[in-house]
Amino acid sequence: MNSNKPECERDAETIRAPRLIIDAVDDHGAQLAELRDGLLSRPARIAPKFFYDEQGCALYGAICALSEYYPTRTEIQIYERCRRPIAAQLPPDGQWIDLGCGDGAKARDWLGPARVRRYIGVDFAADWLKTTLSITEQQFPGVDCLGVVTDFTRPFHLHPVLNDCPDAPPIFFYPGSSIGNFTPEDALSLLRSIRNHLDGDGRLLIGVDLVKDTATVEAAYDDALGVTAAFNRNVLRVANRLLDADFEPHRFDHRAFFNATESRIEMHLAASQGHDVRIGEHRRRFEAGETIVTEYSYKYTPERFCALLAEAGYGNMHYWTDERGWFGVFVAGAGSD
Ligand code: AVJ
């Protein structure tokens, strides 16, 4: 047993079950109250994090393979085409903090090129995270892997974990334009939360969907096969399970449209006819056409996103887009330009 080695340099024989740090998930009650209050409010709303139960994660995986849903493949094409110049902006031998890691596939493509020493998966779904960690450990035995189960949509504090490896600069990775789910104000506070963990060499690597023609972006959220519609309706099943409600998903129509004023895709579920729903001990009437807001997905211009990064205290900014300018990958650090 080599306990005097720093946390991140333990060799293979001391790492068996993925190490998980459970942080702040015990406020399950708060999560349920947030879900209930959103559904009882007018207009009704559900936070997008509730999409991702097992069925929701599977449907999201299917969405990423759709011809209409360009963000995932376009981001990966930028990574593949610009791997070297992007990696050149990242500190070697760093700690890779994979926010909302999901299956971790995008991050694993970077562990080699960025010469990562430590992988930290951060996700709300503990089971999903365990699987991702064991796959990453198997594929990268030389990389120390651990998980943090937390809701990073709220201010988070990873300093104690990062200080296990004081000489390994942090690289925060937030792909897929998940930042788009936050209002610009909330995006600013998340970016600031990350910024507070960055000193000299630390970096943020983030994927952002960019403003484009309305037909293309609306098709990506309302695909011909109806996979996104199923993903959207599935959240009503999550509500039924978590809140003992009796939503009938088929009584709600999927709506997705681009709100140009707010520069965001809006996803709604519209009641196809007036009906009552039991939500725990509450009853909620939905009039015909009344909607539940289930997701906003904000779209930025490179200039607008750089301005947001600057407002959050970042510098050393660089970004890469695909040839059509549909998606952007940004790297930013603590220093002033
Ligand atoms: C995972 C939040 C990036 O907004 O594009 C996909 C989720 N919603 N299709 C997005 C989503 C509808 C996706 N993010």
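Preceding this section is the structure that the text describes.
Conventions adopted
- Residues numbered from 1 in each chain as written.
- Predicted model: local features only at pLDDT ≥ 70, side-chain atom pairs only at ≥ 80, totals over all residues.
- Heavy atoms only, no water.
- Core = buried A, V, L, I, M, F, W, Y, C linked by side-chain atoms within 4.5 Å.
- Buried < 20%, exposed > 50% of the residue type's maximum accessible area, 1.4 Å probe, protein only.
- Helix = DSSP H or I, 4+ residues; strand = E, 2+ residues; numbered from the N terminus.
- Contact = heavy atoms within 4.5 Å.
- Axes fitted to C-alpha atoms, helices over the stretch in contact; angles between N-to-C directions.
- Parallel < 35°, antiparallel > 145°, perpendicular 65-115°, else oblique.
- Left-handed = near helix turned anticlockwise from the far one by under 90°.
- Nonpolar A, V, L, I, M, F, W, Y, C, P; charged D, E, K, R; others polar.
- 1 Å grid on protein atoms, 1.4 Å probe; cavity = no way out; pocket = protein on both sides within 12 Å on 5 of 7 lines; lining within 4 Å.
- Points joined across faces, edges and corners; volume = space filled by probe spheres on them.
- Near = heavy atom within 4 Å.
- Polar contact = N/O pair within 3.5 Å; in protein donor to acceptor, adjacent residues only side chain to side chain.
- Areas by Shrake-Rupley, 256 points an atom, 1.4 Å probe, with all protein chains shown as cover.
- Salt bridge = Lys/Arg side-chain N within 4 Å of Asp/Glu carboxyl O.
- Arc of directions from axis to C-beta.
- Pairing = 2+ DSSP bridges.

The subject of this paragraph is the nonpolar core. Formed by 37 residues in total, the largest nonpolar core has its most connected members in F172, I179, L191, I206, F305, L309 and Y314. Considering every element that reaches this core, the biggest residue donor is helix α8 (residues 184–195), with five residues. Beyond its immediate stretch of four places on either side in the chain, L191 contacts I179, L204, I206, F305, L308, L309, A312 and Y314.

This part covers the packing of helix α2 (residues 54–64) against helix α10 (residues 227–243). Two numbers describe how α2 lies on α10: the axes approach to 9 Å, and their chain directions differ by 160 degrees. Taken together, the axes of α2 and α10 are roughly antiparallel relative to one another. Remark: the crossing between α2 and α10 carries left-handed chirality. Between α2 and α10, the contacting residues are Q55, G56, L59, Y60, A62 and I63 on the first element and V227, T228, A230, F231 and N234 on the second. In the contact of α2 with α10, the residues fall into seven nonpolar, four polar and no charged.

Further remarks concern the layout of surface pockets. Rolling a probe over the atoms, with the probe sized like a water molecule, indicates the empty space that remains. Volume-wise, the second largest pocket comes out at about 200 Å³. The wall of the second largest pocket is formed by 15 residues, among which P166, A168, P170, H197 and D199 lie closest to the centre. Partitioning the lining of the second largest pocket into residue classes produces seven nonpolar, five polar and three charged.

Here the focus is the site of the ligand. Surveying the vicinity of the ligand reveals 14 residues, the closest of which are Y69, G176, Y221, E295 and S297. Between the ligand and E295, the relevant distance is 2.6 Å, taken from a nitrogen atom to a side-chain nitrogen or oxygen of the residue. Here the ligand loses 98% of its free accessible area of 350 Å² to cover by the protein chains. Counting residues per element, the ones that place at least two in the shell around the ligand are α2, α10 and β12 (291–298). Partitioned by chemical class, the residues of the shell around the ligand number seven nonpolar, six polar and one charged.

So, about the pattern of salt bridges. Scanning the entire structure with this criterion turns up 24 salt bridges. Residues D151 and K49 are paired through a salt bridge, measuring 3.0 Å at the closest nitrogen-oxygen approach. Linking D151 in the loop between β5 (144–149) and α7 (159–162) with K49 in the loop between β2 (44–45) and α2, this pair joins segments that are 102 residues apart in sequence. By relative accessible area, K49 is classed as buried at 18%. A network of salt bridges, in which partner residues are shared, links R19, R118, D144 and D164.

Bringing α2 into the picture now. Among all positions in α2, only G56, C57, L59, I63 and C64 are buried. Within α2, the buried residues cover an arc of 165 degrees as seen down the axis, which keeps them to one side. In this fold, the buried residues of α2 make contact with α3 (71–81), α6 (126–139) and α10.

A word on the sheet that holds β5. The sheet built from eight strands is open, its strands ordered β1-β5-β4-β3-β6-β7-β14-β13 with mixed pairing. Looking at which strands have only one partner, the edges of the open sheet turn out to be β1 (19–22) and β13 (315–321). Within this sheet the neighbouring strands show an average axis-to-axis angle of 20 degrees, counted without direction. Here strand β3 (residues 95–99) pairs with strand β4 (residues 118–123) via five bridges, running parallel. Following the sheet pairing, L99 is matched in β4 by V122. α8 contacts β3, β6 (170–174) and β7 (203–209) of the sheet and is inclined by roughly 160 degrees relative to β7.

Take the sheet that holds β12 next. Pairing within the open sheet is mixed, and its four strands lie in the order β2-β12-β9-β8. Edge strands, defined here as strands with exactly one partner in the open sheet, are β2 and β8 (252–259). Both β8 and strand β9 (residues 264–271) contribute to a ladder of eight bridges, which runs antiparallel. Within the sheet, the bridge partner assigned to F257 lies in β9 and is E266.

Our next topic: unusual backbone geometry. Glycine aside, negative phi is the norm for most residues, and most peptide bonds take the trans geometry. The peptide bond linking R42 to P43 adopts the cis configuration, its omega dihedral lying at -5 degrees. Structurally, P43 is set in the loop between α1 (28–40) and β2. In the Ramachandran plot, S177 falls in the positive-phi region, its phi being about 60 degrees despite a non-glycine side chain. Within the secondary structure layout, S177 lies in the loop between β6 and α8. In this structure, D244 is a non-glycine residue whose phi angle is positive, near 50 degrees.

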